[in-house]
Amino acid sequence: MKKLLLHLDTDQIASAFDSVVAYDAGADNLLSHGSVTRDNVTGLVHGMIFTRGGSKLKNSAIFIGGSDVDATDSVGRAVKKAFFGPVRVSVMLDPNGSNTTAAAVVRKVLSDYDVTGKKVVIIGSGPVGQRAALYFVKEGAREVVITSRSMTRAKIITSQMQAVYDVEVTPGEAASDEDIKQHLHDTHIAIGAGPAGVCVLSKEAWGSSETLAVLADVNAVPPLGVEEMEIMDDGVEKQGITFYGAIAIGNFKMKVHRAAVASLFESNDLFLDETTIYDLARTIDNKI
Amino acid sequence: MKKLLLHLDTDQIASAFDSVVAYDAGADNLLSHGSVTRDNVTGLVHGMIFTRGGSKLKNSAIFIGGSDVDATDSVGRAVKKAFFGPVRVSVMLDPNGSNTTAAAVVRKVLSDYDVTGKKVVIIGSGPVGQRAALYFVKEGAREVVITSRSMTRAKIITSQMQAVYDVEVTPGEAASDEDIKQHLHDTHIAIGAGPAGVCVLSKEAWGSSETLAVLADVNAVPPLGVEEMEIMDDGVEKQGITFYGAIAIGNFKMKVHRAAVASLFESNDLFLDETTIYDLARTIDNKI
Amino acid sequence: MKKLLLHLDTDQIASAFDSVVAYDAGADNLLSHGSVTRDNVTGLVHGMIFTRGGSKLKNSAIFIGGSDVDATDSVGRAVKKAFFGPVRVSVMLDPNGSNTTAAAVVRKVLSDYDVTGKKVVIIGSGPVGQRAALYFVKEGAREVVITSRSMTRAKIITSQMQAVYDVEVTPGEAASDEDIKQHLHDTHIAIGAGPAGVCVLSKEAWGSSETLAVLADVNAVPPLGVEEMEIMDDGVEKQGITFYGAIAIGNFKMKVHRAAVASLFESNDLFLDETTIYDLARTIDNKI
């Protein structure tokens, strides 16, 4: 029986990236649809859950992507609502790759470092930064800070995270290099999670910290997010700090992404979203 | 050579249900398109008939679905028109699953009962009811009645059926329980073919008949279409009457649907519409 | 690893013809998208080039089709622009089948004739005619004429060809049979490359030439483009002239089309457009 993946995208055109990864993860055929919303998704879900019975149901699954995180989450909730109790299929959400990317950042950083009781600062408050914060808390970090250029935005984000995930994340302002230096002075891990093509962490800032042990950066577009980072850095030590660049993280992200899609076909009741995808990422060897 | 199915849907989004069934029926790859009309279908048909020659042509086929029966029929006619004599591929029409569902209803009912010379009443005048009526006539029923809340609508439907299929179906009004009792008093088979979530046949109505031997219901959404019907009933006897619920019918419908799609790839000249799909359904064992 | 083809179409609905040929050429799965423009294609291209690394990249490829040649070329340029140096996949452009059809015309004509030093007249100035002219020049024809009903259009086309491809093609007016007779009187090969269903070359015209050795016609819709041509003619001699009809050319076109798609998966850096597709067509046996 073919492994069929209903590939839903909230963008107009279903992502080729997500399609290729799905095939490489073992899906036999994709049913790809763009412009999917919570209003047109129910029939598609019913088509998946009412066509194969019992133990065969696990051969059908759903992937939801798109560049708009909120729209994707909204479709995710509609998909869940369309299920009839145990008559359901496994689902994965990965809007803009943010879940798998954030999981990859944290797993790479932890491949050679124990975060227990340590302090983490994340420069950037977008989806990847938020999810990475969530996972660092899960891994036992003493304190995780999410910074934004605007303290108001940082506070909104961290109080939303408190409400939705019941986690304590510290809001931080990062309007200047001085601000960032302040944040880093007793920090062990710093993550560049800003927009593509913007350097958010100068050498002056990270060089001033005496505790910093690990630096990671998800920005693959020059100028990179962390000064002196190189895109291929994969555990390279510079001035006593271990560097992880966007390609090293991206390669591991692909492993997480493929493993997550593959896992959908092992049972019919997985729901891999930003909270659960990390558990799966933990099962993937991050030492190689 | 791959079995390729051009999967056309008159709805905006091509049905996932029909896609999954097509794969399970043995199609290797689907070319799925939503928003198909008689005006944009010709090029697609030519793409199927002009790419593979001679005996290889049977590896290409066309499935037409959609929630609007008339729109689907219209596309079906346009597809036929786009063929060049013997340069054609096999085609299946199943708008809203109505053809395969109606065939399944009749085959299930006949699995343990001989309708020859008997009277059938169908409560509901939609596509499934109409097609079921057609098949009961074909099977030798003495009289088949299609009821509607409005006698005018019932008459329109039955005279259309006379014109299109050259069959005699009796129009019946079913505005009240009293009406239905009247229809059932000398009836052997009654079919609930009303809308989802509406009970169209009360126990008082069906209980009053002294001739009734079989009851079937296509409505899977509570309240079911026939009082005291259970969705899983598959030949269960209650007060001397054999009951067939929506799941039992639905399971057989899946067999018919899959067998029909599979048969498309056996020759290049099948045209499975509401009149011919039943012949195929007859070849499927309905005793198990 | 699956051979994945990103199938882009500038028309609203992705061509079924191109889809079927792609599967028959060995693609395992297609990612088909209609309504593709230079403005929405970049993300799709990145999805193909950033998902598989190194030697595996050749298992991903891109096909661009559509009935509008200019729109397709525009998408082709945008695809090229989206590559990052060697991080690219193989691409094929075949708007309206014009590249593969023109290549097939020329290869069929040359299967039994040496064009070196000879004169060719092409009746019709559309994409197929233009590309055929290009290939005849490449094969060493002494002179190649493209005719149009309007000399102004013929001159525009040939000067564009000079500018874009650096080839010398002679513009010719073909407003009357008299004009065409003039063109053919010292011509060896004449090609009917006019619109479907229009006879562009009368018997009186081609019969008047004493040098004419080969006649080919791409029009498959009666009346055919060349009087006394039959659609199945495949090297048939009539009055000392060898005839090639639309089906014979079409069958070879299919071979070229399939071989071209298949070749995309042999490396990651092919770019098969109107200038390069002919080199590939030359590797296919045109004697059988």
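First things first, this report covers the structure right here in the doc.

What counts, and at which threshold
- Residue positions within a chain follow its written sequence, with the count starting from 1.
- To label them, take the chains in the order written and letter them from A, then take the ligands in the order written and number them from 1.
- The model is predicted, so local features are restricted to residues of pLDDT at least 70 and side-chain atom pairs to those at 80 or more, both for listing and for counting; the totals for chains, interfaces and linings are taken over all residues.
- Side-chain calculation: all heavy atoms of the structure are included, whereas hydrogens and water are not.
- Paired strands are those between which DSSP finds at least two bridges.
- The helix count covers DSSP runs of H or I at least four residues long, the strand count covers runs of E at least two residues long, and both are numbered beginning at the N terminus.
- Think of each axis as a best-fit line through the C-alpha atoms, taken over the contacting stretch in the case of a helix, with angles from 0 to 180 degrees between the N-to-C directions.
- Note on definitions: a residue-residue contact is assigned when non-hydrogen atoms from the two residues lie within 4.5 Å.
- When two components associate, each loses some accessible surface as probed by a 1.4 Å sphere; the sum of these losses over both components is called the buried area.
- By definition here, a salt bridge exists when the distance from a side-chain nitrogen of Lys or Arg to a carboxyl oxygen of Asp or Glu is within 4 Å.
- Here a polar contact is recorded for every N or O atom pair within 3.5 Å, except that within protein the pair must consist of a potential hydrogen donor and a potential acceptor, and residues adjacent in sequence are included only if both atoms are side-chain atoms.
- Polar here means any residue outside two lists: the nonpolar Ala, Val, Leu, Ile, Met, Phe, Trp, Tyr, Cys and Pro, and the charged Asp, Glu, Lys and Arg; Gly therefore counts as polar.
- In this text, buried Ala, Val, Leu, Ile, Met, Phe, Trp, Tyr and Cys residues form a nonpolar core when linked through side-chain atoms within 4.5 Å.
- Only protein chains enter the calculation, and the probe is 1.4 Å; a residue is then buried if its accessible area is under 20% of its type maximum, exposed if over 50%, and partly exposed in between.
- A least-squares superposition brings the copies together, and it is based on the C-alpha atoms of residues with pLDDT no lower than 70 in both.
- Aromatic pairing here means that ring centres of Phe, Tyr or Trp (its six-membered ring) are within 6.5 Å. Orientation follows from the plane angle: under 30 degrees is stacked, over 60 is edge-to-face, and everything else is tilted.

**A few points about the sheet that holds strand β10 (residues 234-238) of chain C**
Residues and elements named next belong to chain C.
Here's step 1: On the basis of which strands lie adjacent, the open sheet formed by seven strands has the order β7-β6-β5-β8-β9-β11-β10 and mixed pairing. Only two strands of the sheet have a single partner each, and these edge strands are β7 (170-173) and β10. Within the sheet, the average angular offset between the axes of one strand and its neighbour, ignoring direction, is 20°.
Here's step 2: Two elements, strand β5 (residues 119-123) and strand β8 (residues 189-192), share four bridges in a ladder whose sense is parallel. Of the residues in β8, the one forming a bridge with Ile-123 is Gly-192.
Here's step 3: Sitting on the sheet, helix α7 (residues 177-184) is in contact with β5, β6 (143-148), β7 and β8, with an inclination near 160° to β5.

**Overview of the interface of chain B and chain C**
Here's step 1: Listed as interface residues are 14 residues of chain B and, on the opposing side, 14 residues of chain C.
Here's step 2: Between chain B and chain C the total buried area reaches about 1100 Å² when both faces are included, carbon and sulfur atoms providing 69% of it.
Here's step 3: By the criterion of area lost to chain C, the three top residues of chain B are Lys-2, Leu-31 and Thr-51 of chain B, representing 38% of everything that side buries.
Here's step 4: Measuring nitrogen to oxygen at the nearest pair gives 2.6 Å for the salt bridge that ties Asp-24 of chain C to Arg-52 of chain B.
Here's step 5: At the junction of chain B with chain C, the criterion picks out three residue pairs in polar contact (both at pLDDT 80 or more).
Here's step 6: Residue composition of the side of chain B that touches chain C, by class: seven nonpolar, five polar and two charged.

**Observations regarding the nonpolar core**
Here's step 1: Of all hydrophobic cores here, the largest spans 77 residues; its most connected members are Leu-8, Ile-62 and Val-79 of chain B together with Leu-5, Ile-122, Phe-136 and Ile-191 of chain C.
Here's step 2: Looking at which element gives the most residues to this core, the answer is helix α4 (residues 98-110) of chain C, with seven residues.
Here's step 3: In this structure, Ile-191 of chain C is in contact with Val-105, Val-109, Val-120, Val-121, Ile-122, Ile-123, Phe-136 and Ala-216 of chain C, ignoring residues within four places of it in sequence.

**A word on the sheet that holds strand β2 (residues 29-33) of chain A**
Backbone hydrogen bonds hold the strands of a sheet together, and the pairing may be parallel or antiparallel.
Residue and element names in this part refer to chain A.
Here's step 1: The strand order across the open sheet formed by five strands is β2-β1-β3-β4-β12, and the pairing between neighbours is parallel. Strands with a single pairing partner mark the edges of an open sheet, and in this sheet they are β2 and β12 (271-272).
Here's step 2: Pairing analysis gives two bridges linking strand β4 (residues 90-93) to β12, with the strands arranged parallel. Across the sheet, the residue bridging to Met-92 is Leu-272, located in β12.

**Re the relation of the copies chain B and chain C**
Here's step 1: When chain B is fitted onto chain C, the two copies agree to an RMSD of 0.1 Å after a turn of 120° and an axial shift of 0.1 Å. With respect to symmetry, the two chain copies, as superposed, fit the operation of a three-fold axis. Scanning chain B for the C-alpha nearest the rotation axis identifies Asn-29 of chain B, at a separation of 4.3 Å.
Here's step 2: Residue by residue, only 7% of the interface of chain B is reproduced at the interface of chain C, so the copies engage with different surfaces.

**Observations regarding the relation of the copies chain A and chain B**
Here's step 1: Each copy of the sequence occupies a distinct position, and chain A is placed on chain B by a rotation of 120° and an axial shift of 0.1 Å, giving an RMSD of 0.1 Å.
Here's step 2: Looking at chain A, a mere 7% of its interface residues are interface residues in chain B too, so the copies touch through different faces.

**Remarks on the packing of aromatic side chains**
Here's step 1: Going through the model one piece at a time under the given rule, you end up with nine aromatic pairs over all chains.
Here's step 2: With centroids separated by 5.3 Å and ring planes inclined at 80°, the aromatic side chains of Trp-206 of chain B and Phe-243 of chain B adopt a geometry described as edge-to-face. In this pair, Trp-206 of chain B is assigned in helix α8 (residues 203-207) and Phe-243 of chain B in strand β11 (residues 241-244), connecting sequence segments 37 residues apart. As far as burial versus exposure is concerned, Trp-206 of chain B and Phe-243 of chain B are alike and both buried.
Here's step 3: On the numbers, 5.7 Å between centres and 40° between planes, the contact of Phe-50 of chain C with Phe-84 of chain C is tilted.

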